[in-house]
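# Analysis of the macromolecular model
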Amino acid sequence: MVLSLDTPLDMHLHLRDGEMLEIVAPLSAETFSGALVMPNLVPPVTTAQMVRDYRERIAKAQGAHRFVPYMTLFFRSDYTPEFLEEVRDEILAIKLYPAGITTNSEGGVSGFDLEELAPVLGVMSDLGIPLCVHGETNGFVMDREAEFIPIYERLAQAFPDLKIVMEHITTKEAVAALDRYENLYATITLHHLYITLDDVAGGLLQPHLFCKPIAKRPEDRTALLNVALGAHPKVMFGSDSAPHPREAKEAPGCAAGVFTAPLALQGLAQLFDRHGALANLQAFVSDNARRIYGITPPDKEVVLEKSPWLVPEIYEGTVVPMFAGQSLEWRVVSAK
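Quantities reported herein were computed from a predicted structural model and do not represent experimental measurements.

Now for the pairing of strand β11 (residues 301-305). Of the pairings in the sheet, the one linking strand β1 (residues 2-6) to β11 comprises 5 bridges and is antiparallel in character. Of the residues in β11, the one forming a bridge with D6 is E301. Across 4 bridges, β11 lies against strand β14 (residues 331-335) in antiparallel orientation. In the sheet register, E305 faces β14, and the bridge partner there is R331.

Bringing the sheet that holds strand β9 (residues 184-188) into the picture now. The strand order β5-β6-β7-β8-β9-β10 describes an open sheet built from 6 strands, whose pairing is parallel. Bordering the open sheet on either side are β5 (72-74) and β10 (235-237), each of which pairs with just one other strand. On average, each strand axis in the sheet is inclined to that of its neighbour by 30 degrees, with strand direction left out of account. Both strand β8 (residues 164-166) and β9 contribute to a ladder of 3 bridges, which runs parallel. Considered in β9, the bridge of I164 is made with L184.

The omega torsion across V42 and P43 is -5 degrees, close enough to zero to call that bond cis. Relative to the helices and strands, P43 is located in the loop between β3 (34-37) and α2 (48-62). A cis geometry characterises the amide bond from K212 onward to P213, with omega recorded as 0 degrees. Relative to the assigned elements, P213 resides in the loop between α8 (197-201) and α9 (218-229). In this structure, D240 is a non-glycine residue whose phi angle is positive, near 50 degrees. Mapped onto the elements, D240 comes out in the loop between β10 and α10 (246-249). According to the relative accessible area criterion, D240 is buried, its value standing at 7%. For F323, which is not glycine, the phi dihedral falls at a positive 65 degrees.

Taken in spatial order, the 3 strands line up as β1-β11-β14 in an open sheet, and their pairing is antiparallel. Pairing within the sheet leaves two strands with one partner each, and these edge strands are β1 and β14. The mean inter-strand angle of the sheet, taken between neighbouring strand axes irrespective of direction, is 25 degrees.

Procedures and definitions
Residues numbered from 1 in each chain as written. Predicted model: local features only at pLDDT ≥ 70, side-chain atom pairs only at ≥ 80, totals over all residues. Heavy atoms only, no water. Pairing = 2+ DSSP bridges. Helix = DSSP H or I, 4+ residues; strand = E, 2+ residues; numbered from the N terminus. Axes fitted to C-alpha atoms, helices over the stretch in contact; angles between N-to-C directions. Buried < 20%, exposed > 50% of the residue type's maximum accessible area, 1.4 Å probe, protein only.

As structure tokens, this is what we get:
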């Protein structure tokens, strides 16, 4: 069996910087036509020049692959209208992080005072700049996303013309919110379609499956599967592939992030095939994102075949992927 995907996109990707960027950028650029690149570097990407410089470093690292890094800014409440107008053509979206909630987010938003956020959000709405949100509170870890839903609702109601993307959703509550507000959209990761918290910590701890937001309950995974496999028009693939060196994962204070970029399409093909939904994978991995964001990425045809593929144990002696050393049922045979 052969599957052809037209212009696959990853709408939530961490490429990091420096040596890690050199390792992981080619792995995404090989099989994806483009990706929405997260801005939580150290320091975070907050100026037009930082956007341009980071894009240039990505372009150098990705090599000859046909791939567009769609850039983002790290949200700040003191951006001026003039600055946002200047940077509009340099970025696709602005990413909002609650302060300290995930990797390199210490400079994020605290309190979510709409009066404080409104000036920037209003200009973003007027300029058509989407808002991408890591939607978690600092409450009990299993409840953080569900507790954040009222904040999404306040934002959606206050700014009805602002596209708001709930990033890497993990709960049935987030799925339900999708259809309550016209301007709410969502990305879903590969790993949250496969795992629950039991896979992370039900037996021996699996550090390479530890991520934020943390994997949830079986009923939450079922809700995610229903909208992803059903090609819900407001849902798109975003890997949240988040590489860390092996020593940072297999350590006390384990870094949060699952590295899936080089096996994402193979894992999705396996999952959709097992559920008899291969016909809907194109919408989930490309068509919905192109429509939601209004983008025209470079053409790329990725062909997969149903034959076993062994996931490498580690990449460049540094980054351990999800499914390391395991066999997936689909492999990529060409990407051009």
